[in-house]
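Fold and contact review
Take a look at the letters that make up each chain.
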Amino acid sequence: MDQLTKLSTEGKLYETAQGLKRCRIRLALVSCDLPARAMVAGMKQHNGKCACLYCYHPGINVGDDYLHRYWPYDRNAVLRSHDSVKADVANAVHLDALVSKLVCALV
């Protein structure tokens, strides 16, 4: 992910007949398994609470070990939107900063 971010923001310099050119690369489409999808999207794994990409349904745990979860159809589930995902990301970044400060204070 760090390499993709760097290629998107800084790009890569190439020598061409017209001189030095910078090429920035942005990922438009990705195909991956569920754990990789969670990493790429910066979301919980496929069996986590509210892990659906499309809604905020928390799912229902199955078994005593809480390792399995299913999501029954719920027509009243709150759907994710572009703005809600952006807000979730901002909140996660803020919480990560708070946790980092706390860890540094404890060390």
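A brief look at the structure comes next. (Residues numbered from 1 in each chain as written. Predicted model: local features only at pLDDT ≥ 70, side-chain atom pairs only at ≥ 80, totals over all residues. Heavy atoms only, no water.)

1. With respect to the overall build of the protein
The helix and strand tally for the protein stands at three helices and four strands. Of the regular secondary structure in the protein, the N- to C-terminal order runs α-β-β-α-β-β-α. Across the 107 residues that make up the protein, the buried fraction comes to 10%. In the protein, the proportion of contacts linking residues at least 24 apart, taken out of those at least 6 apart, comes to 19%. Put simply, the protein shows about 9000 Å² of open surface, and 60% of that area lies on carbon and sulfur atoms. (Helix = DSSP H or I, 4+ residues; strand = E, 2+ residues; numbered from the N terminus. Buried < 20%, exposed > 50% of the residue type's maximum accessible area, 1.4 Å probe, protein only. Contact = heavy atoms within 4.5 Å. Areas by Shrake-Rupley, 256 points an atom, 1.4 Å probe, with all protein chains shown as cover.)

2. So, the pairing of strand β1 (residues 12-16)
As defined by bridge partners, β1 adjoins strand β2 (residues 19-23) across five bridges and the pair is classed as antiparallel. What sits directly across from E15, in β2, is L20. Taking the residues between adjacent antiparallel strands as the criterion, β1 and β2 are bridged by two residues. (Pairing = 2+ DSSP bridges.)

3. Side note on the pattern of salt bridges
All chains considered together, the criterion is met by one salt bridge. D88 is the salt-bridge partner of R80, the closest N and O atoms lying 3.4 Å from each other. (Salt bridge = Lys/Arg side-chain N within 4 Å of Asp/Glu carboxyl O.)

4. A short note on the environment of P35
Topologically, P35 is positioned in helix α2 (residues 34-41). Take P35: its relative accessible area is 35%, and that puts it in the partly exposed class. Along the primary structure P35 and Q45 are separated by ten residues, whereas in three dimensions their C-alpha atoms are 5.7 Å apart.

5. Remarks on a nonpolar patch on the surface
On the surface, L4, L27, V30, M39 and V40 cluster together to form a nonpolar patch covering roughly 420 Å² of accessible area. Following the sequence through the fold, M39 ends up in helix α2. Residue class for M39 comes out exposed when judged on its relative accessible area of 54%. (Patch = residues over 30% accessible without salt bridge, like charges linked within 9 Å, V, L, I, M, F, W, Y side chains within 5 Å.)

6. Some details on the packing of aromatic side chains
All told, the structure shown has zero aromatic pairs when counted by the stated rule. Over the ring of Y56 we find R80, and its NZ or CZ is 4.2 Å from the ring centre. (Phe/Tyr/Trp six-rings, centres within 6.5 Å; stacked < 30°, edge-to-face > 60°. Lys NZ or Arg CZ within 6 Å of the ring centre and 35° of its normal.)

7. What about the side chain of H57?
Tracing the backbone shows H57 in the loop between α2 and β3 (60-62). Judged by relative accessible area, H57 falls into the buried class, the value being 12%. Side-chain polar atoms of H57 contact the backbone nitrogen of G59, separated by 2.8 Å. Ignoring any residue separated from it by four or fewer positions in sequence, one finds H57 in contact with C50, W71, P72, D74 and A77. (Polar contact = N/O pair within 3.5 Å; in protein donor to acceptor, adjacent residues only side chain to side chain.)

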